[in-house]
Amino acid sequence: MAADSGCSPPTSPLALPCAFSPAPRRQYLAVCARDGRLRIWDSDGGGNLRQEYAPSARLSAACSCVAWGPCRTTKEGPQRKKRKSEAGQSAGQSDLLALGTAAGTVLIYSTVKGDLHCTLDGGHNGGVNSVQWHPEESLLYSGSDDTHIVEWDLQMGKSRCKWKADRAAVTSLCVSPDGKLLLSAGMTIKMWDLETKEVYRRFTGHSTMVTMLCFATNRPPDSNGLYFVSGAAHDRLLSVWQVRSDGKDKNSVVSFTLTDEPQHIDLQTSNNKDEAVRLAVVCRDGQLHLFEHFLNGPCKKPLSPVCSVQVSSVGGKAEGDTPVPVPLLASSLCADKQNLVLAYGNQLQPVVEKMPINATERHMCLVRDLHTTLSLSVDAAVSKVKTPIVNEQKSKVLIPGLPGHQAPIKAAPSKSEKRKQGSSATEISIEERLEQIGLSVSGGKGEDKAAASSLQTDSFAVLLVQGLESKDEKILNKIFQTKKEILIKKTVARLPPTAVLPLLEELSRRLQGHPFAAMLIVQWLKAVLTQHTSYLSSLPDLVSQLGVLYHMIESRVKLYHQLTRLHGKLYLLMTQVAASSTAPKAGDLDHTAKLVYEEESSDEDEDSGAEGLHDDDSDDWEEEEEKEGAMEMMEDGENHADKDDDEDDMKEESKVNGDSDLDPENESEEE
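Each chain has its residues counted from 1, running along the sequence as written. Residue-level local features of this predicted model are given only where pLDDT is at least 70; pairs of side-chain atoms are given and counted only at 80 or more, and the full residue set underlies all totals for whole chains, interfaces and linings. Side-chain measures were taken over the full set of non-hydrogen atoms in the model, leaving aside hydrogen atoms and water.

Some remarks on the overall build of the chain
Then step 1. The helix and strand labels rest on DSSP assignments: H or I over at least four residues marks a helix, E over at least two residues marks a strand, and numbering proceeds from the N terminus. From N to C terminus, the chain includes 14 helices and 29 strands.
Then step 2. Any two residues whose heavy atoms approach within 4.5 Å are treated as being in contact. Counted over contacts in the chain with a minimum sequence separation of 6, partners at least 24 positions apart contribute 50%.

Side note on unusual backbone geometry
Then step 1. A positive phi is found at Lys 337, a non-glycine position, where the angle reads about 65°.
Then step 2. Of note, Lys 337 is situated in the loop between strand S26 (328-333) and strand S27 (339-345).
Then step 3. Phi angles above zero are rare outside glycine, and Lys 471 is one such case at about 55°.
Then step 4. Note on placement: Lys 471 falls in the loop between helix H5 (447-470) and helix H6 (473-480).

Brief notes about the packing of aromatic side chains
Then step 1. Aromatic rings from Phe, Tyr and Trp, with only the six-membered ring used for Trp, were paired whenever their centres fell within 6.5 Å, and each pair was classed as stacked if the ring planes differed by under 30 degrees, edge-to-face if by over 60, and tilted otherwise. With the rule as written, the count across this model stands at nine aromatic pairs.
Then step 2. Aromatic side chains Phe 256 and Phe 291 sit 4.9 Å apart centroid to centroid with 50° between the ring planes, which places their arrangement in the tilted category. Placement of Phe 256 in strand S20 (residues 254-257) and of Phe 291 in strand S23 (residues 288-293) is noted, with a sequence separation of 35 residues between them.
Then step 3. For Phe 256, a relative accessible area of 3% corresponds to the buried category.
Then step 4. Through a chain of ring-to-ring contacts, the aromatic side chains of Phe 203, Phe 215, Phe 228 and Trp 241 assemble into a single cluster. We call a residue buried when its accessible area falls under 20% of the maximum for its residue type, exposed when it is over 50%, and partly exposed in between, using a 1.4 Å probe and counting protein chains only.

As for the confidence of the model for the chain
Then step 1. For every residue, the predictor assigns a confidence score, pLDDT, that lies between 0 and 100. Here the chain shows a mean pLDDT of 75. Residues at 70 or above account for 69%.
Then step 2. Below a pLDDT of 50 lies the segment residues 399-425, which in the model reaches 19 contacts outside its immediate sequence neighbourhood of four places, other chains included.
Then step 3. Scored below 50 in pLDDT, residues 664-671 shows three contacts in the model against residues more than four places distant or in partner chains.

Quick notes on the nonpolar core
Then step 1. For this analysis, a nonpolar core means a set of buried residues of the types Ala, Val, Leu, Ile, Met, Phe, Trp, Tyr and Cys, connected via side-chain atoms within 4.5 Å. Among the nonpolar cores identified, the biggest contains 31 residues, and Leu 464, Ile 479, Phe 480, Leu 503, Leu 507 and Trp 524 are the most heavily contacted of them.
Then step 2. Put simply, the parts of the chain that give this core at least two residues each are H5, H6, helix H7 (485-493), helix H8 (500-511), helix H9 (515-531) and helix H11 (542-582).
Then step 3. Setting aside residues up to four positions removed in sequence, Trp 524 forms contacts with Leu 464, Ile 479, Phe 480, Thr 482, Ile 488, Thr 491, Val 492 and Leu 507.
Then step 4. Grouped together as the second largest cluster of nonpolar side chains are 19 residues, Cys 214, Leu 258, Leu 267 and Leu 295 included.

Let's talk about the sheet that holds strand S9 (residues 128-133)
Then step 1. When DSSP finds at least two bridges between two strands, those strands are taken to pair. Strand order in the open sheet formed by four strands is S9-S10-S11-S12, with antiparallel pairing between adjacent strands. The open sheet is flanked by S9 and strand S12 (158-164), the only strands paired with a single partner. Averaged over all pairs of adjacent strands, the angle between their axes in this sheet comes to 20°, without regard to strand direction.
Then step 2. Bridge count between strand S10 (residues 139-144) and strand S11 (residues 148-153): five bridges; the pairing is antiparallel. Within S11, the position partnered with Tyr 141 by the bridge is Glu 151. Angles shown run from 0 to 180 degrees and are taken between the N-to-C directions of axes, each axis being a line fitted to C-alpha atoms and, for helices, limited to the stretch in contact.

Brief notes about H6
Then step 1. If you check which residues of H6 are buried, you get Ile 475, Leu 476, Ile 479 and Phe 480. An end-on view of H6 places all buried positions within 115° of arc, on one side of the element.
Then step 2. You can read the cap of H6 off the contacts: a side-chain oxygen lies 3.2 Å from the backbone nitrogen of Lys 474, and it is on Asp 472. The arc refers to the directions leading from the helix axis to the C-beta atoms. Think of a polar contact as two N or O atoms within 3.5 Å of one another; within protein, one of them needs to be a possible hydrogen donor and the other a possible acceptor, and neighboring residues in sequence only count if both atoms come from side chains.

Details of the environment of Pro 327
Then step 1. Following the sequence through the fold, Pro 327 ends up in the loop between strand S25 (325-326) and S26.
Then step 2. Taking the C-alpha atoms as reference points, Pro 327 and Gly 345, separated by 18 residues in sequence, lie 6.0 Å from one another.
Then step 3. In contact with Pro 327, not counting residues within four places along its chain, are Gly 286, Tyr 344 and Gly 345.

A short note on the state of the cysteines
Then step 1. Any two cysteine sulfur atoms lying within 2.5 Å of each other are counted as a disulfide. Summed over all chains, the structure comprises zero disulfides.
Then step 2. Free of any disulfide, Cys 18 has its nearest neighbouring cysteine sulfur in Cys 32, separated by 9.1 Å.
Then step 3. Relative accessible area serves as the criterion here: at 7%, Cys 18 is assigned to the buried category.

A look at the side chain of Lys 190
Then step 1. The topology assignment puts Lys 190 in strand S15 (residues 189-193).
Then step 2. We treat Lys and Arg as the positive residues and Asp and Glu as the negative residues; His and chain ends play no part in the count. When a carboxyl oxygen of Asp or Glu lies within 4 Å of a side-chain nitrogen of Lys or Arg, that pair is called a salt bridge. The buried charged residue Lys 190 lacks any salt bridge partner; its closest oppositely charged side chain belongs to Asp 166, at an N-O distance of 4.4 Å.
Then step 3. Of the polar contacts made by the side chain of Lys 190, one reaches the backbone oxygen of Ala 165; its length is 2.8 Å.
Then step 4. If near-sequence neighbours (up to four positions away) are discounted, Lys 190 is found in contact with Ala 165, Asp 166, Leu 182, Leu 183, Ser 184, Val 199, Arg 201 and Arg 202.

Structural notes on H7
Then step 1. Of the positions making up H7, those classed as buried are Leu 487, Ile 488, Thr 491 and Val 492. The buried residues of H7 occupy one face: seen down the axis, they fall within an arc of 125°.

Thoughts on the sheet that holds strand S1 (residues 18-20)
Paired through their backbone hydrogen bonds, the strands of a sheet run either parallel or antiparallel.
Then step 1. Overall, antiparallel pairing links the four strands, which are arranged S1-S2-S3-S4 in an open sheet. The open sheet has two free edges, formed respectively by S1 and strand S4 (49-53), since each of these has just one partner strand. Neighbour-to-neighbour, the strand axes of the sheet open up by a mean angle of 15°, direction not taken into account.
Then step 2. Where strand S2 (residues 28-32) lies against strand S3 (residues 38-42), five bridges are found, and the strand directions are antiparallel. Paired with Tyr 28 across the two strands is Asp 42, which belongs to S3.

Section: the pattern of salt bridges
Then step 1. The final tally for this structure, using the stated rule, is eleven salt bridges.
Then step 2. One salt bridge in this structure joins Glu 151 and Lys 197, with 3.6 Å as the shortest N-O distance. Taken together, the positions of Glu 151 in strand S11 and Lys 197 in the loop between S15 and strand S16 (198-203) put the pair 46 residues apart, joining distant regions of the chain.
Then step 3. The structure contains a network of salt bridges with shared partners spanning Glu 473, Glu 506, Arg 509 and Arg 510.

Remarks on the pairing of S26
Then step 1. Within S26, six of the six residues are buried, leaving the element largely enclosed by the surrounding structure.
Then step 2. Hairpin remark: S26 followed by S27, antiparallel, with five residues in the connecting loop; positive phi at Lys 337, about 65°.

Overview of the packing of H6 against H8
Then step 1. Where H6 contacts H8, the axes come no closer than 13 Å and their chain directions differ by 80°. Considering the angle they form, H6 stands roughly perpendicular to H8. Where H6 approaches H8, its residues Glu 473, Leu 476, Asn 477 and Phe 480 are matched on the opposing element by Leu 503, Glu 506, Leu 507, Arg 509 and Arg 510.
Then step 2. Residue composition of the contact of H6 with H8, by class: four nonpolar, one polar and four charged. Here is the rule for angles: anything less than 35 degrees is roughly parallel, anything more than 145 is roughly antiparallel, 65 through 115 is roughly perpendicular, and the remaining ranges are oblique. Residues are grouped as follows: Ala, Val, Leu, Ile, Met, Phe, Trp, Tyr, Cys and Pro are nonpolar; Asp, Glu, Lys and Arg are charged; all remaining types, including Gly, are polar.

Focus: the pairing of strand S13 (residues 172-175)
Then step 1. Alternating residues of S13 divide into Ser 172 and Cys 174 and Leu 173 and Val 175, and every residue in both groups is buried.
Then step 2. One ladder, built from four bridges, connects S13 with strand S14 (residues 181-185); its direction is antiparallel. In the strand pairing of S14, Cys 174 is matched with Leu 183.
Then step 3. Turn length for the S13-S14 hairpin, with the two strands adjacent in sequence and antiparallel, is five residues, and the turn residue Gly 179 shows positive phi of about 75°.

Quick look at the structure:
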């Protein structure tokens, strides 16, 4: 972000919306927690809670982005004559805070009033992803999932202009320090002229959604000295782009290497070439990286951080306790360039600390004891909750429970009764409850068995909620080892909606373990997705919640085909090896013939074949041919003799029949 404008950069959709108040004081830290409440912490006075605001639609329309307005006295709305004390307090104080919601509305919160200033609605049809203030005029810009950018007039409380920015959702916005240019990003980065609302330049280079945009210099665009920084989802690089006068600015000129996806960025701009740009980037893994570079042109090699900071907790006195890394939420560079403000720890109660920057150490690890540091101190003016006066004789205490879980209603015991109960308490431990649940499954038939199963389902739901809240591995292991599908469905159906997301996170974590355990976890996962579909579909950040689970299932499905092929090849190989080991050896075979077949005409064929062939070694082959010729002549003579005999016989027969009296003409015809 620019150090002068005081506008917070857009945060990643996966991160919590949080931002420090604008320079130079950085006196407040605004955090929108997952419960939908806006909490403003005092960064100067030890991290005390200063204000808390709960929007009316915080459950249905959660806050998606936060941006502080510039440090100036508010001119919106009717003005009244202020006292000298009020004027001195509000002159150099950050007042307005813009909150973008998932319902498409923008809330303007006033820290001076401690209440909502106005609501800007009717401009977007989708969730707001980024809000940015104009550094000079009373204007606000918002980008939404409906691919449009809206320019709001805070004096009128209405939209001033609206135009389509991209084909996809607008995920990030940034206004130039002089208020003349606007950067918008979805899949591509566009630079707009705010006077004409036309595209001035286009920049492409990110393969995923751009989640962060920030101007790095205060120079005019025609001087080849205007630079801006961009970061994208699932990208471990920050890209620096140069706006050149010749229009040849298609590729980034500098890149900064990170350890994970960027979630929060703070930047001190450069006014000339001799002044370096300083960046403080908080990554998704909870580490902070500091960069310092002179922007004078392209740099081919990616730049490493000058210093990396990480916060760790103190290990306990027990032998098994080890230091655990504490995630960083946000950071801010001080104006003196020697100190750094950090916000780390839990979102409900972050710890704000100011530390000096030591550039000689490349890696710094801050060891902090969060148990002693966290002490929630709320001012009496902030907390408006009053303790009611309870009449113990007439009042009754209702014990909360789940549907079907009947608990006796008793009056609240007095202090003396509590002491007596404490001395002779025989409360059943959780392990004994689990053992009783296990016994109730096996015992009883008929109606007793049905009653035991219903009681067990309810107890399973109660214990599952307790295990998710306390993160007790013994309780969760006992519950997730059940194999009955009906019991799993009833247990999941009785869960409250607030326990669905923690259950999904626990199931996705266990799904990455042993494959045998994953077979049981899949049944629970199926029951959750079928029973609580309506609740999950109403969540605005469902994609980020189920992203890890989706990628894990997709990777396993891709490997399934390869594993089945390998299994088939191994099975074929093992069957061949088993068949070869059980088959008889070659030496054990019986070579004697079981059946012999002889043909009778084999000798005759051999003789006939021998007669038909000439012997090459015989010298009297000519004599044999002559003998054969003589034999053929004798056979022909015999045939002629037979024919003559037949003719004589025919003549005799004709004489007997009287054929001799025929005419000689007929004889000639017959001949």
